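Here are the chains, one letter per residue:
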Amino acid sequence: MKKIKFISLAILLMFLIKNPLLAEDDLFRQPTNIGASLNLNFNMHSPSFSYPINTSESLLFDKNANSLGAALGLIGNFPITDYITFSGRIGYNMLNGELEKDNYKLKTSLSTLEITPTVQVYNLFPIRPLYLLGAIELGVPLSKKYNINDNGTELVPDTDIPDASFRMALGLGVGYTFKLTDKIYLSPEASFRIPFTKVSANDAFKSWDVPQLRLGVNLTFGIGGDDASMEESENRYLNVGMSEVRYYDNNGN
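Enquirer: Which residues make up the overall build of the chain, and what are the values?
Expert: Along the chain, the regular secondary structure elements total two helices and 14 strands. Residues classed as buried in the chain amount to 36% of the 253 residues present. Across the chain, the fraction of contacts at a sequence separation of at least 24, relative to all contacts at a separation of at least 6, is 68%. Total accessible area computed for the chain in this model is approximately 14800 Å², and 61% of it derives from carbon and sulfur atoms.

Enquirer: Hey, could you go over the nonpolar core for me, with residue numbers and the actual values?
Expert: F49, Y51, L106, Y146, F205 and W208 are the most contacted members of the largest nonpolar core, which has 19 residues in total. Looking at this core, the elements that each hand over two or more residues are β2 (49–52), β3 (58–61), β7 (104–121) and β8 (130–150). Looking at which element gives the most residues to this core, the answer is β7, with three residues. Excluding anything up to four places from it in sequence, Y51 contacts E57, S58, L59, F61, Y146, I148, V156 and F205. Ranked by size, the runner-up nonpolar core spans six residues in total, among them Y131, L133, A135 and Y185.

Enquirer: Kindly report on the side chain of N123, identifying the contributing residues and their values.
Expert: Position of N123 among the secondary structure elements: in the loop between β7 and β8. Here D82 takes part through its backbone oxygen, which lies 2.6 Å from a polar atom of the side chain of N123.

Enquirer: Please provide a residue-by-residue account of the environment of G134, values included.
Expert: Here G134 lies in strand β8. Owing to a relative accessible area of 27%, G134 belongs among the partly exposed residues under this scheme. Distance in space between the C-alpha atoms of G134 and G171 is 5.6 Å, their sequence separation being 37 residues. Each residue touching G134, except ones within four places of it in the same chain, is listed here: P117, T118, V119, G171 and L172.

Enquirer: Tell me about unusual backbone geometry, residues and numbers included.
Expert: Phi angles above zero are rare outside glycine, and D102 is one such case at about 55°. Here D102 shows up in the loop between β6 (97–101) and β7. One non-glycine residue, D163, lies in the positive phi region at around 55°. Position of D163 relative to the elements: it lies in the loop between β9 (153–160) and β10 (167–176).

How each quantity is defined
Residues numbered from 1 in each chain as written. Predicted model: local features only at pLDDT ≥ 70, side-chain atom pairs only at ≥ 80, totals over all residues. Heavy atoms only, no water. Helix = DSSP H or I, 4+ residues; strand = E, 2+ residues; numbered from the N terminus. Buried < 20%, exposed > 50% of the residue type's maximum accessible area, 1.4 Å probe, protein only. Contact = heavy atoms within 4.5 Å. Areas by Shrake-Rupley, 256 points an atom, 1.4 Å probe, with all protein chains shown as cover. Core = buried A, V, L, I, M, F, W, Y, C linked by side-chain atoms within 4.5 Å. Polar contact = N/O pair within 3.5 Å; in protein donor to acceptor, adjacent residues only side chain to side chain.

This is the structure:
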């Protein structure tokens, strides 16, 4: 098993450094580009906490719940090499959901200001514009409301979740970049977010996290020169058709 892991790592490093199966002229290249990102979120709430509804009774919310949300913001892609692109993203991320226990429902309005440094790896496969991504999602809580009702009767009105946590998650995914023009790029993308932190650090909500599947598209616009066109320009030269050039100073030398 250790030998298999070592061989797999060696192959991956070989591709990251230089893929010998791909000709240099066939590599996917893009200039620095910036634009907008729009995503559909599939939020997967995973709770396991007891919430006291009175002095003698508590509700155990331990049933997973799914919900839809959205994430939108700005994105900038900065190629480092032909294989590695750094991508910086900032935006608004919705983590809303509804937890149920018997006839009780706990509704949440969760959202964060998200800052996500990302690394995209291109040219690993014969499909050149296909890329893998790894990211660290950092989220500052914006909205953190919740309420609880029983068959439509409100037990807890809208109030803030106490000690709402800073969100940190690992993002892993895949995308494909379409080059629409020399300066316009469209990138469908899918990623899965694995949270390192809980929704709240409070004892009443101490075991509740939100993994997330994200499907989206990025529309970006180039703001720098295309590497391919730059290389082509560097290879051009002027042939003036002269065998030698002579110069004389004022003394005739």
